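# Fold and contact review
Single-letter residue listing:
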Amino acid sequence: ESVAFPDHEARVAAAQKLKIGIYFATWWALNVVFNIYNKKVLNAFPYPWLTSTLSLAAGSLIMLVSWAARVTAAPKTDLEFWKALAPVAVAHTIGHVAATVSMSKVAVSFTHIIKSGEPAFSVLVSRFVLGERFPVPVYLSLVPIIGGCALAALTELNFDMTGSYLPTCGNFGAFIHSFDDPSFMGAMISNLAFVFRNSFSKRGMKVTSVSGMNYYACLSVLSLLILLPFAIGVEGPQVWAAGWREAISQIGPHFVWWVAAQSVFYHLYNQVSYMSLDEISPLTFSIGNTMKRISVIVSSVIVFHTPVRPSNALGAAIAILGTFLYSQAKQ
Ligand code: 3PG
């Protein structure tokens, strides 16, 4: 049939590309809103363990209500499903908290520089843990993607901080020091955790045929249960109450809407990202996630008035060229 109807096949392929394109655009746009409100909240209320918990709680609530009201059909799951989901939820929880702790400490763009390395973690884990290899041009295309994105995020503001990390080859002391900096380590841990999460999620969705949307919903519920006791242990209700009063007096009663926005948008962007992951490889997902950071950087520069240099724009152009090369190398 494919030989007899080549036009039909081409049309199906084009429709699939369009669908993924729409998912990616939605994912990135929702993520921009999340990043802005998340940072506004963390600036006034520096308790990343609670804000991470609230993000998962909002997602769980939205999905439990949608299932109960039959807006979305609830997935058919059994004990085996939840057992298999447990390690994925641990990875999601660790990756989420680690990134949020990192973002609570520094400019948003700094965390995103480090997080732009996710595709490198993806190929390393694929190669050394899962035993999958890629053609050499695929590895090479990651260089402009990661390098360009890092250059796009590198601003005057965080140059001082990254300055001690990036040219570390000749400076062993600075290299060692970067490992006890929570903003750097948080973002690195998040990269590693999310690569495992993505790979095992992909496998889980395939085996169980639970859709991307429902798979992420279950992940939220389980991650919430895992995170809550730790959040109480690390920060706790007393600290939260005092911090909350402080934030309300500083910002005003509408602060609660900022918290609601960061929580709801966290769920929405992740849900759409999982709808993409259901259709693409974990490596393509990580590359989409890295390119997403350029839109985050551009918007956070506008909202938080971070100074920009021409090298940032050059970096973005290089990264975009890199993804084009990746898509060619994959074929
Ligand atoms: C999180 O809190 O999970 C991170 O902010 C998100 O990281 P991501 O940009 O890789 O989704």
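Residues numbered from 1 in each chain as written. Predicted model: local features only at pLDDT ≥ 70, side-chain atom pairs only at ≥ 80, totals over all residues.

The name that an unreviewed UniProt entry assigns to the protein is Glucose-6-phosphate phosphate translocator, with the source organism given as Musa troglodytarum. The protein has a UniProt comment under Subcellular location (unreviewed entry) that states "Membrane". (UniProt positions renumbered as here; feature names shortened; annotations may be inferred.)

### With respect to the overall build of the protein
Helix and strand counts for the protein come out as 14 helices and 0 strands. Mapped in sequence order, the helices and strands of the protein form the string α-α-α-α-α-α-α-α-α-α-α-α-α-α. A total of 331 residues make up the protein; the buried ones form 44% of that total. Long-range contacts, defined here as pairs at least 24 residues apart, represent 89% of the contacts in the protein between residues at least 6 apart. (Helix = DSSP H or I, 4+ residues; strand = E, 2+ residues; numbered from the N terminus. Buried ≥ 20, exposed ≤ 12 C-beta atoms within 10 Å, placed from the backbone. Contact = placed C-beta atoms within 7 Å.)

### Observations regarding the packing of helix α5 (residues 118-128) against helix α6 (residues 136-153)
Their axes nearest at 9 Å, the elements α5 and α6 cross at an angle of 155°. Considering the angle they form, α5 stands roughly antiparallel to α6. Contacts between α5 and α6 pair Pro-119, Ala-120 and Val-123 from the former with Tyr-139, Leu-142, Ile-145 and Ile-146 from the latter. Among the residues forming the contact of α5 with α6, the class breakdown is 7 nonpolar, no polar and no charged. (Axes fitted to C-alpha atoms, helices over the stretch in contact; angles between N-to-C directions. Parallel < 35°, antiparallel > 145°, perpendicular 65-115°, else oblique. Nonpolar A, V, L, I, M, F, W, Y, C, P; charged D, E, K, R; others polar.)

### A closer look at unusual backbone geometry
Although it is not a glycine, Arg-70 sits at a positive phi angle of roughly 60°. Note on Arg-70: 8 C-beta atoms within 10 Å, which makes it exposed. Positioned with a positive phi, Ser-209 is a non-glycine residue whose angle comes to about 55°. Relative to the helices and strands, Ser-209 resides in the loop between α9 (182-208) and α10 (212-234).

### Looking at α9
An α-helix turns once per 3.6 residues; consequently, residues spaced three or four apart project the same way. Here α9 spans 37 Å end to end across 27 residues, near enough to the 39 Å set by a 1.5 Å rise per residue. Positive phi shows up at Ser-209, right after α9, with a value of about 55°. (Expected span 1.5 Å × (residues − 1).)

### Here's the deal with the site of the ligand
Near the ligand the following residues occur: Gly-95, His-96, Ala-99, Thr-100, Lys-115, Phe-194 and Asn-289. The element that contributes the greatest number of residues to the shell around the ligand is helix α3 (residues 79-105), accounting for 4 residues. Counted by class, the shell around the ligand contains 2 nonpolar, 4 polar and 1 charged residues. (Near = placed C-beta within 6 Å.)

### A closer look at the confidence of the model for the protein
Of all residues in the protein, 90% have pLDDT values of 70 or greater, and the mean over the chain is 86. Scored by ipTM, the complex comes to 0.91, with pTM at 0.86. (pLDDT = per-residue confidence, 0-100.)

### Looking at α5
Those residues of α5 not exposed but buried are Glu-118, Pro-119, Phe-121 and Ser-122. Looking straight down α5, one finds that the buried residues subtend no more than 155° of arc, so they occupy a single side. Along α5, the residues that are exposed and aim more than 90 degrees away from the buried face are Leu-124 and Phe-128. Buried residues in α5 make contact with α4 (108-115), α6, α9 and α13 (282-304). (Arc of directions from axis to C-beta.)

### Overview of the environment of Ala-98
Within the secondary structure, Ala-98 is located in helix α3. Distance from Ala-98 to Pro-182, taken between C-alpha atoms, is 8.4 Å for residues 84 residues apart in sequence. If near-sequence neighbours (up to four positions away) are discounted, Ala-98 is found in contact with Gly-186, Ile-189, Ser-190 and Ala-193.

### Some points on the environment of Gly-21
With respect to the helices and strands, the residue Gly-21 is situated in helix α1 (residues 6-44). Here Gly-21 falls in the exposed class, since 11 other C-beta atoms lie within 10 Å of it. Along the chain, Gly-21 and Ser-276 lie 255 residues apart, while their C-alpha atoms are 9.2 Å from each other.

### Section: the packing of α3 against α4
How two helices pack is summed up by the angle between their axes together with the distance between the axes. Contact geometry for α3 and α4: axes closest at 7 Å, N-to-C directions at 140°. Taken together, the axis directions place α3 and α4 in an arrangement best described as oblique. For the pair α3 and α4, the crossing hand works out as right-handed. On the side of α3, the interface is formed by Ala-99, Ser-102 and Met-103, while α4 contributes Val-108, Thr-111 and Lys-115. (Left-handed = near helix turned anticlockwise from the far one by under 90°.)

### Some words on the environment of Leu-325
By the element assignment, Leu-325 lies in helix α14 (residues 310-330). Setting aside anything within four residues of it in sequence, one finds Leu-325 in contact with Ser-141 and Pro-144.

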